[in-house]
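Residues per chain are reported as follows:
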There are 2 protein chains.
Amino acid sequence: MLLTMSRNPEEPVYNRIEEARAALGLSRQDLADKTGVHYQTIGYLEREEYSPSLVLAIRIAKSLNQEVSELFSLTPFKKGK
Amino acid sequence: MLLTMSRNPEEPVYNRIEEARAALGLSRQDLADKTGVHYQTIGYLEREEYSPSLVLAIRIAKSLNQEVSELFSLTPFKKGK
DNA sequence: ATGCTATGTAGCATTAATGCAACATCTAGG
DNA sequence: CCTAGATGTTGCATTAATGCTACATAGCAT
């Protein structure tokens, strides 16, 4: 089909993907490859322009050796790990 | 828009929603109300006709006093709790 | 039997998540 | 300076997730 203007849903999910990814020295492309998604998708998630599906969240957590609950939250994360 | 025939995605997520819900003596309608979704949505999830968004998974886990990882998995659950 | 509750099934509308492509920008190296 | 890599931005197509409505069925009451 055509149209729609997604980007920026009403229900954001906070995440620490960028920190966790940087801690492992991975580029977005690297993480995208490990996870099996487009590298832009990682970017959108890090910028919190939309929230992932549960499957994607689980796969990303696995790629980063983290628990889903450590990486994603409905409430903002505190600064620092 | 129109059309589409969702139901039954390519990537299922296994879950224990039904068991956890029953353990608390809640009907689907009860859980749907607590979670803020349509009661049919709970049914689709229990029958694994599609997998939830991350936000919904988190909210459901919270409604059932469970961890996301205890309730959802990319691999099938063993029988019994 | 009648009725009520829980559940399954089917369709359709709307919106979000994802892929992908084409750019722009910025920075680190050579 | 030039180039390459990483990241941000915009647009559009496709598909999944969700809401909602309606109806069927099965069980359990009264």
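Please refer to the structure placed before this passage.
Cut-offs and rules
- Residues numbered from 1 in each chain as written.
- Chains lettered and ligands numbered in written order.
- Predicted model: local features only at pLDDT ≥ 70, side-chain atom pairs only at ≥ 80, totals over all residues.
- Heavy atoms only, no water.
- Least-squares fit on C-alpha atoms with pLDDT ≥ 70 in both.
- Contact = heavy atoms within 4.5 Å.
- Buried < 20%, exposed > 50% of the residue type's maximum accessible area, 1.4 Å probe, protein only.
- Helix = DSSP H or I, 4+ residues; strand = E, 2+ residues; numbered from the N terminus.
- Arc of directions from axis to C-beta.
- Salt bridge = Lys/Arg side-chain N within 4 Å of Asp/Glu carboxyl O.
- Patch = residues over 30% accessible without salt bridge, like charges linked within 9 Å, V, L, I, M, F, W, Y side chains within 5 Å.
- Areas by Shrake-Rupley, 256 points an atom, 1.4 Å probe, with all protein chains shown as cover.
- Lys, Arg positive; Asp, Glu negative; His and termini not counted.
- Charge placed at Lys NZ, Arg CZ, Asp CG, Glu CD.

Got a sec to walk through the relation of the copies chain A and chain B? Specific residues and values, please.
Put simply, the two copies of the chain differ by a rotation about an axis and a shift along that axis. Between the two copies, chain A and chain B, the superposition gives an RMSD of 0.0 Å; the rotation angle is 180° and the shift along the axis is 0.0 Å. The relationship between the two copies is best expressed as a two-fold rotation axis. Of the interface residues in chain A, 95% have counterparts in chain B that sit at the interface too, so the contact is made through matching surfaces.

Requested: an account of helix α2 (residues 28-35) of chain B, with residues and values cited.
Residue and element names in this part refer to chain B. Buried residues of α2: Leu31, Ala32 and Thr35, and no others. The buried residues of α2 all sit within an arc of 100° when viewed along its axis, so they share a single face. Residues Asp33 and Lys34 are exposed on α2 and point more than 90 degrees away from its buried face. Taken together, the buried residues of α2 touch α1 (17-23), α3 (39-46) and α4 (54-63). Two residues or fewer after α2 comes glycine 36, characterised by a positive phi angle close to 85°.

Mind laying out the environment of Ala61(B), listing which residues take part and the relevant values?
Residue and element names in this part refer to chain B. When you line up the elements, alanine 61 lands in helix α4. Assessed through its relative accessible area of 1%, alanine 61 is described here as buried. The spacing of alanine 61 and threonine 35 is 26 residues in sequence and 9.2 Å in space, taken between C-alpha atoms. The residues touching alanine 61, leaving out its near neighbours within four places in the chain, are Gln66, Glu67, Val68 and Leu71.

So what about the pattern of salt bridges? Which residues, and what values?
Residue and element names in this part refer to chain A. One pass over the full model with this rule turns up six salt bridges over all chains. Taking the shortest distance from any N to any O, the salt bridge between glutamate 49 and arginine 47 comes out at 2.9 Å. The exposure class of glutamate 49 is buried, given its relative accessible area of 19%. In this structure arginine 47 comes out as partly exposed when scored by relative accessible area, which is 43%.

Quick one: what's the story with a negative patch on the surface, residue by residue and with numbers?
Together, Glu67(A), Glu70(A), Glu67(B) and Glu70(B) make up a negatively charged patch on the protein surface. Looking at the element boundaries, Glu67(A) is found in the loop between α4 (54-63) and α5 (68-71). On the basis of relative accessible area, Glu67(A) is assigned to the partly exposed category, the value being 43%.

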